[in-house]
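Single-letter residue listing:
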Amino acid sequence: MRKDSLFFFYTSEGCRPCFFFSAYTGFLGPLFFLSFVSKVTSVGMNTQWRMPMASIPLYTGKETPLQVYLNRVVTVFGLVSISVALVVSLIVSFLYFMGRNKDVSPMFDAGKTTLDEKIDMVIKFIILGVTIVVAAVPEGLPLAVTLNIAHMSRKLGGEIALVQKLSACEAMGSATTVVCHKTGILTLNQMEVVDVCAGGLGTQNLDTMAELSPLLISLITEGIALNTNGSVYHPEGWPEPEVFGSATERAILKFGVKLGMNFDEVKSRSTIFRISPFNSSRKRRGVAVQLHDSQARVHWKGAAKTILASCQSYMDKDKIASMDQEKIFHFEKTIDDMAKKGLRCAALAYRTYPEEDILRDEAFPYIHESNLVLSAIIGIKDSCRPGIRQAIQECRNAGVKVCMVTGDDLLTAKAIATECGILTDEPADTAILAKDFASMSEAQREKIAENIVVMGRSSPDVNLLLLEALSKKGQVVAATGKGIRDAPSLRQADISLAMGIGGTSIVKECSDIIVLDDSFASILTVIQWGRSLYTNVQRFVQFRLTVSASALIICVVVAIHSHEIPLNVAQLLWINLLVCTFGAWALASEPPIDNLMRRPPIRKGEPFITKLMRAKFILQVAYQVTALLCINFLESILKLENKSLDDANKVKNTVIFNCFVFCQVFNEIECRTPYQGNIYRGILKNHLFLGTIAITVILQVIVIECFGIFFSTVRLNRKQWLISIGIGLFSQVANRFPFQAFPYLRN
Ligand SMILES: Nc1ncnc2c1ncn2[C@@H]1O[C@H](COP(=O)(O)OP(=O)(O)OP(=O)(O)O)[C@@H](O)[C@H]1O
Ligand SMILES: [Ca+2]
């Protein structure tokens, strides 16, 4: 039998899951199982799921913003080169038909030139135009983005993150704020009860629990066993029972086991007839149970202060004592003390009724929440991830702000945030309670949003308000999400990160990136790769545009001068294929460099082609054009005087082609850093880069020495090879221009 689908409907707030509907099919045909837990109150668009589900972003195979931009660059370059080609063809034709050009044979003579010769000439000029277009259109640009993203996804995919939306990789490079949950991302999500306050005693650790009265222990364990969605299982032959449920639930259940709770036995003693499930707005869970001694009880468990506020009395040793102001103050202080240690505080409370009372009460769709008896306050420890402080510091150094949102109390949140280095002594750093933030006006929220680093007692709706305020301030926000109710926040964020372990499958589906191990360090790595992606594409664009521009200028100048083009179409296609495809690949393989994380994030609207890139581009193009034109026009360089015109031309054009390729090879090394810095750093470690450079050179040698027939080239002698490589190598000298001396170029 194969499980095909499982639908799970949730009713409105406060009710429990209402029914499962699962369809199984097998070779016997479809069989449907319906198992009702309670009546169905709403389905489809009326359920609690509707809102978040409706706001899940839809995925289209859209291009990333960088690809769109690069497509525009290609179009512009294409239009420019087509216009130039057209103009050049027209000029050349005009000169020819006016009989102005003496180098061309046969020369145009209105009386003598036959129609066939005229047509041949026109075709020649058209080919000339086409060659210019081929030379200049940098068609491979958007490919560089794809290659880079592919490379990045492969590197991250193993254990760090799964990229679901390509543009998110790019956006991560510009992220200015990370809004992340505390549990699991900053902490280990391995919770353990360490402090307890019960029976009128002060805070105790677990070893002294035996001092509590048996009645109190039975009330606490009853509350733990019945008021949970987790479970305890005793595998045979194992000393320790296994517990299941959320991290908090597991911690509380383990605490119960330590108190001697027999989970199955407690469950069998009573019947649950009402549940109020836990949710992150109410932060409490309640059950009403019918005990087998004609009594009924409600049990509540949840965020300590909210539960405390509903309590009128407390268990003092084994008696119920009423809560006076002093006692309330005492309990509040106990909670605060636990919270200041970074503990998550929860409280357990109960209330007993005669059974008939509960069942007779018509106005009782929900579980009574007032007049409770406090039985215990517990402090749950969840340690920070090792190395988190350093990761946060690196993030700050990179100009990315970290904002922690948590369902925990503000004191707990502040303690953890201080430990992680999120909350520092800086006066601007603000820690705020979610309800205070939510009660502000929109303008006020926008005013303080950028300073908020900690938000306590938050819920998905307040997180959404925070994200809205941040993006109104122009921040590029990456936000984490774990439950379905985070879907609207994820949609609001510029980059949505789902937690790979703590997140539900629906959140993973609707996020841009899944952080596989939930850890903050992985988010940092994704930012680093995002920046590296941007830089890699910048490198390639600089490289590719240099090739296009140099080729264009050389072709135009030589075409106008001698009606021939030094590089033919085959050679240009070869350059496109070899240099540009391999080049894109080589430059895409550059791993992120450290200093990427020492510069601020790429600002929205920051020019992709920086002033420095432009300066380097101009210098490089000027060098290549000058060098190659010298070879073309100064015949003495190659000493070809004693060769026939045709042979001399072939050698000259081959050398130009060869020089051009070598210029690009060295230029590629130059483009390893679009910023200032050592271009050779780490080059020996990047085998892919070295490999592609080596393959390019080897193939070029093979082409010139063996396949001249396809490229209309001739074999070169040693001196001509040295000239080609020398001119290529010399381009590096051009790049040693002291750009640093010009503050204007410092972007
Ligand atoms: N299973 C539980 N039983 C009782 N109380 C709980 C339980 N889970 C959480 N709480 C209480 O609710 C508070 C907030 O929990 P909530 O689930 O909203 O936070 P969270 O989403 O886990 O936090 P974070 O945002 O840091 O991941 C906790 O401080 C705790 O007091
Ligand atoms: Ca081209």
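Quick notes on the rules
Residues numbered from 1 in each chain as written. Chains lettered and ligands numbered in written order. Predicted model: local features only at pLDDT ≥ 70, side-chain atom pairs only at ≥ 80, totals over all residues. Heavy atoms only, no water. Helix = DSSP H or I, 4+ residues; strand = E, 2+ residues; numbered from the N terminus. Areas by Shrake-Rupley, 256 points an atom, 1.4 Å probe, with all protein chains shown as cover. Contact = heavy atoms within 4.5 Å. Near = heavy atom within 4 Å. Polar contact = N/O pair within 3.5 Å; in protein donor to acceptor, adjacent residues only side chain to side chain. Nonpolar A, V, L, I, M, F, W, Y, C, P; charged D, E, K, R; others polar. Domains from an automatic or database assignment. Axes fitted to C-alpha atoms, helices over the stretch in contact; angles between N-to-C directions. Parallel < 35°, antiparallel > 145°, perpendicular 65-115°, else oblique. Left-handed = near helix turned anticlockwise from the far one by under 90°. Core = buried A, V, L, I, M, F, W, Y, C linked by side-chain atoms within 4.5 Å. Buried < 20%, exposed > 50% of the residue type's maximum accessible area, 1.4 Å probe, protein only. Pairing = 2+ DSSP bridges. UniProt positions renumbered as here; feature names shortened; annotations may be inferred. Salt bridge = Lys/Arg side-chain N within 4 Å of Asp/Glu carboxyl O. Patch = residues over 30% accessible without salt bridge, like charges linked within 9 Å, V, L, I, M, F, W, Y side chains within 5 Å.

**As for the overall build of the protein**
Within the protein, the secondary structure is distributed over 25 helices and 21 strands. A total of about 34,800 Å² of accessible surface is found on the protein, and carbon and sulfur atoms cover 60% of it.

**Overview of the environment of Met 597**
Following the sequence through the fold, Met 597 ends up in the loop between α20 (569-588) and α21 (611-633). The sequence separation of Met 597 and Ser 532 amounts to 65 residues, and the corresponding C-alpha distance is 9.5 Å. Every residue in contact with Met 597, bar those within four places of it in the chain, is listed here: Glu 394, Asn 397, Ala 398, Leu 524, Ile 527, Gln 528 and Arg 531.

**Quick word on the site of ligand 1**
Taken together, 19 residues lie around ligand 1, and Thr 183, Cys 345, Thr 406, Asp 408 and Lys 482 are the ones closest in. At a separation of 2.4 Å, an oxygen atom of ligand 1 approaches a polar side-chain atom of Lys 482. Those elements that provide at least two residues to the shell around ligand 1 are α7 (247-258), β11 (295-303) and β14 (344-354). Sorting elements by how many residues they give to the shell around ligand 1 places β11 first, with 3 residues. Of the residues belonging to the shell around ligand 1, the class tally is 4 nonpolar, 7 polar and 8 charged. Residue assignment places the shell around ligand 1 across two domains, with domain 3 (156-187 + 385-525) and domain 4 (194-379) each supplying three or more.

**Details of the packing of α20 against helix α23 (residues 687-706)**
Their axes nearest at 8 Å, the elements α20 and α23 cross at an angle of 165°. Put simply, α20 runs roughly antiparallel to α23. For the crossing formed where α20 meets α23, the hand is right-handed. On α23, the residues that touch Trp 574, Leu 578, Phe 582, Trp 585, Ala 586 and Leu 587 of α20 are Leu 688, Phe 689, Thr 692, Ile 695, Thr 696, Leu 699, Gln 700 and Val 703. Of the residues that constitute the contact of α20 with α23, the class distribution is 11 nonpolar, 3 polar and no charged.

**Regarding the nonpolar core**
If you look at the biggest cluster of nonpolar residues, it comprises 130 residues, and the most contacted ones within it are Ile 132, Met 172, Leu 186, Ile 422, Ile 495 and Phe 520. A per-element tally of this core places helix α19 (residues 520-562) first, with 22 residues. Per-domain counts for this core show at least three residues from each of domain 2 (141-153 + 531-745) and domain 3 (156-187 + 385-525). Residues within four places of Met 172 in sequence aside, it is in contact with Ala 478, Ile 495, Leu 497, Ile 513, Ile 523, Val 526, Ile 527 and Gly 530. In this structure, Leu 216, Ile 224, Ala 225 and Tyr 350 belong to the second largest nonpolar core, which totals 36 residues.

**Regarding the sheet that holds strand β17 (residues 430-433)**
Strand order in the open sheet formed by 8 strands is β4-β21-β20-β19-β5-β16-β18-β17, with mixed pairing between adjacent strands. At either margin of the open sheet sits one strand with a lone partner, and together these are β4 (161-163) and β17. Taking each pair of neighbouring strands and ignoring which way they run, the sheet shows an average axis angle of 20°. Sheet analysis places strand β16 (residues 401-405) next to strand β18 (residues 452-456), joined by 2 bridges and oriented parallel. From the neighbouring strand, Val 405 faces β18, where its bridge partner is Met 455.

**Observations concerning the UniProt feature "transmembrane region" (unreviewed entry) in the protein**
In the numbering adopted here, UniProt assigns the feature "transmembrane region" (unreviewed entry) to residues 20-41, 73-98, 122-145, 541-560, 572-589, 617-634 and 688-711. Taken end to end, residues 617-634 is 94% helix and 0% strand, and its two terminal C-alpha atoms sit 25 Å from one another.

**Things to note about the side chain of Ser 276**
Along the chain, the position of Ser 276 falls in strand β9 (residues 270-276). According to the relative accessible area criterion, Ser 276 is buried, its value standing at 6%. One polar contact links Ser 276 to Arg 282, side chain to side chain, over a distance of 3.2 Å.

**Structural notes on the pattern of salt bridges**
Taken as a whole, this structure holds 18 salt bridges when the rule is applied. We note a salt bridge from Lys 341 to Asp 195, for which the minimum N-O separation is 2.5 Å. Pair noted here: Lys 341 is in the loop between α10 (325-340) and β14 and Asp 195 is in strand β6 (residues 187-198), with a separation of 146 residues, a long-range link. For Asp 195, a relative accessible area of 9% translates into the label buried. The salt bridge involving Arg 396 is made with Glu 426; its shortest N-O contact spans 3.7 Å. Linking Arg 396 in helix α12 (residues 388-397) with Glu 426 in the loop between α13 (410-420) and β17, this pair joins segments that are 30 residues apart in sequence.

**Details of a nonpolar patch on the surface**
On the surface, a cluster of nonpolar side chains totalling about 430 Å² of accessible area is made up of Leu 86, Val 87, Leu 90, Ile 91 and Ile 560. Top element by residues in the nonpolar patch is helix α2 (residues 65-97). It accounts for 4 residues. Considering the arrangement of structural elements, one finds Val 87 in helix α2.

**Considerations on the side chain of Glu 668**
Its location among the elements puts Glu 668 in helix α22 (residues 645-670). Setting aside anything within four residues of it in sequence, one finds Glu 668 in contact with Phe 543, Val 579, Phe 582, Gly 583, Ala 586, Leu 587, Phe 689 and Ile 693.

**A short note on the environment of Gly 342**
Position of Gly 342 among the secondary structure elements: in the loop between α10 and β14. Separated by 69 residues in sequence, Gly 342 and Leu 411 have C-alpha atoms that sit 7.4 Å apart. With near-sequence residues (within four places) excluded, Gly 342 lies in contact with Thr 412, Ala 415 and Ile 416.

**Some words on the packing of α12 against α19**
Running from N to C, α12 and α19 cross one another at 30°; their axes reach a closest spacing of 9 Å. As summarised for this structure, α12 and α19 are arranged roughly parallel, according to the angle between their axes. For the pair α12 and α19, the sense of crossing is left-handed. Mapping the contact onto sequence places Ile 388, Ala 391, Ile 392, Glu 394 and Cys 395 in α12 and Phe 520, Ala 521, Leu 524 and Ile 527 in α19. Looking at the contact of α12 with α19 residue by residue, the class counts come to 8 nonpolar, no polar and 1 charged.

**So, unusual backbone geometry**
A positive phi is found at Lys 283, a non-glycine position, where the angle reads about 55°. Considering the arrangement of structural elements, one finds Lys 283 in the loop between β9 and β10 (284-291). The exposure class of Lys 283 is buried, given its relative accessible area of 9%. At Arg 457, a position not held by glycine, the phi torsion is positive, near 50°.

**Looking at the pairing of strand β5 (residues 177-181)**
Most of β5 sits out of view: 5 of its 5 residues are buried. Residue alternation in β5 divides its side chains into two sets, Thr 177, Val 179 and His 181 and Val 178 and Cys 180, and both sets are buried. Across 5 bridges, the pairing between β5 and β16 is parallel. Within the sheet, the bridge partner assigned to Cys 180 lies in β16 and is Met 404. Direction of pairing for β5 relative to strand β19 (residues 477-481): parallel, over a ladder of 3 bridges. By the bridge assignment, Val 178 is partnered in β19 with Ala 478.

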